[in-house]
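# Analysis of the macromolecular model
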Amino acid sequence: MKRFTEIGKFNDFLYLLGNPFMPIYYLNGGELSILIDSGVTFTGLIVANQIKEFGLKIPERVLLTHSHYDHLGGIPALKRRFPEIKVAAHPRVGEILKRENAVKLIVELNEKDEKFFGASQTFDPAEYRFEPFEIDFYLKEGDLISLGTISVKVLETPGHTKDSLSFYVPEIKALFFGEAGGVPDISGRIHPEFTSSYENYLNSLKKMLSLEVEIIGLAHGGIIYGEDARTYIEKSIKATEECKERILQYYRESGSVEKVVERIFNEDYKKGTISQPETPYLINLKSRVRKVLEVFA
């Protein structure tokens, strides 16, 4: 699977910012520029510095693919650097940011990443501290955002989360789906991410299958393009169906949710090919196992 992982310009409309593990996508259509996602807390500062380094326009909006900590965590830091920036997301994201327990988990998971990556050695923690923020624009299926020479079409693609959105740029055939399309590991194997609903996740993939795609901005791992992008969704559907059957087989053999989780963790995560901290990986894995067993066991 060929990937573009270099920080900077991919084409005349698209830049990859942040870092390859946690990429943030900058789109500029001439009249309007936007970011897609914001990473963890300190990623907001990395992106702000990169925008200045590359001489890019300050983006008017950030479009969020969903409400997980590593996609919205950088918004407060971005807004401290660029107070005029607006945030657009599914309405449910605004609801989640008003829940004390949800915000507490977002803070805790971001703090683990801050410690792991040594963020305080580079930035002032006060600059990247997470705090709840307002959603300025709510997005829904079919919304079209004109950036000038290119546009962004909004698709509701639930399944990873209830608030998952994907963004399609028809003029350059580019798709940004957060984790609604799964995440390929270092070897190229696609790992499904149906933490909210297996059936909704599969239906969302089938919706995306109808799109003409030449570029995919992954949630983690950079940009894939050409034939790899054209065949990605079909492969993700296959990986999703195989994941379900694997969970069911392991459960039939053990009769234990915990043993299913442990077996998949040992077989997949311990290979070292998955670039995700252990805590969120296990949270998502447990959710995937439960979602399959709730419906099919």
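A brief look at the structure comes next. All chains use their own residue numbering, which begins from 1 and follows the written sequence. Local features are withheld for residues below a pLDDT of 70 in this predicted model, meaning they are given only at 70 or higher, and side-chain atom pairs are given and counted only at 80 or more; totals for whole chains, interfaces and linings count all residues. Only hydrogens and water are set aside when side-chain values are computed; all heavy atoms of the structure are taken into account.

## Let's talk about the overall build of the chain
- Secondary structure elements are defined from DSSP: runs of H or I of at least 4 residues count as helices, runs of E of at least 2 residues count as strands, and each element is numbered from the N terminus. From N to C terminus, the chain includes 10 helices and 16 strands.
- Only the C-alpha atoms count toward the radius of gyration. The rule for a globule is 2.2 Å times the residue count to the power 0.38. In terms of C-alpha radius of gyration, the chain reaches 18 Å, essentially the compact-globule figure of 19 Å for 297 residues.
- Across its three principal axes, the chain shows a C-alpha extent of roughly 55 × 40 × 35 Å.
- Exposure categories follow from relative accessible area, calculated using a 1.4 Å probe and restricted to protein chains: below 20% of the type maximum is buried, above 50% is exposed, and the middle band is partly exposed. Taken across its 297 residues, the chain has 57% of its residues classed as buried.
- Computed with a 1.4 Å probe, the accessible areas rest on the Shrake-Rupley method; for each residue, only the protein chains presented here act as cover. Total accessible area computed for the chain in this model is approximately 12,900 Å², and 49% of it derives from carbon and sulfur atoms.

## Overview of the pattern of salt bridges
- Salt bridges are defined by distance alone: a side-chain nitrogen of Lys or Arg within 4 Å of a carboxyl oxygen of Asp or Glu. Per the counting criterion, the structure on display carries 17 salt bridges.
- Where Asp12 meets Lys9, a salt bridge forms, and the shortest distance between an N and an O atom there is 3.2 Å.
- The partner of Glu267 in a salt bridge is Arg246, with the nearest N and O atoms 2.7 Å apart. Here Glu267 is found in helix H9 (residues 257-268), whereas its partner Arg246 is found in helix H8 (residues 227-254), with 21 residues between them in sequence.

## A closer look at the sheet that holds strand E7 (residues 86-89)
- Any two strands with at least two DSSP-identified bridges between them are counted as paired. The sheet built from 7 strands is open, its strands ordered E2-E3-E4-E5-E6-E7-E8 with mixed pairing. The open sheet has two free edges, formed respectively by strand E2 (8-9) and strand E8 (137-138), since each of these has just one partner strand.
- Judged from the 3 bridges that link them, strand E5 (residues 33-36) and strand E6 (residues 61-63) form a sheet pairing that is parallel. Its bridge partner lying in E6, Leu35 is registered against Val62.

## So, unusual backbone geometry
- In this structure, Asp37 takes a positive phi of about 70° despite not being glycine.
- With respect to the element layout, Asp37 can be found in the loop between E5 and helix H1 (43-53).
- Positive phi outside glycine occurs at Lys173, with the angle close to 55°.
- Positionally, Lys173 belongs in the loop between strand E11 (165-169) and strand E12 (174-176).

## As for the environment of Glu134
- As for its placement among the helices and strands, Glu134 is situated in the loop between helix H6 (125-128) and E8.
- Separated by 37 residues in the primary sequence, Glu134 and Leu97 have C-alpha atoms spaced 8.1 Å apart.
- In what follows, a contact means two residues having at least one pair of non-hydrogen atoms within 4.5 Å. In contact with Glu134, other than residues within four places in its own chain, are Val87 and Lys98.

## Focus: the sheet that holds strand E10 (residues 151-156)
- The strand order across the open sheet built from 7 strands is E1-E16-E15-E12-E11-E10-E9, with neighbouring strands paired in mixed fashion. The strands lining the two open edges of the sheet, one partner per strand, are strand E1 (3-4) and strand E9 (144-146).
- Here 3 bridges tie E11 to E12, and the two strands are oriented antiparallel to one another. Residue pairing for E12: Phe167 is matched across the bridge by Phe176.
- Fitted lines through C-alpha atoms give the axes, limited to the stretch in contact for helices. The angle between two N-to-C directions lies from 0 to 180 degrees. Along the sheet face, H8 touches E12, strand E15 (215-217) and strand E16 (223-225) and points at about 100° away from the line of E16.

Geometry only, nothing functional implied.
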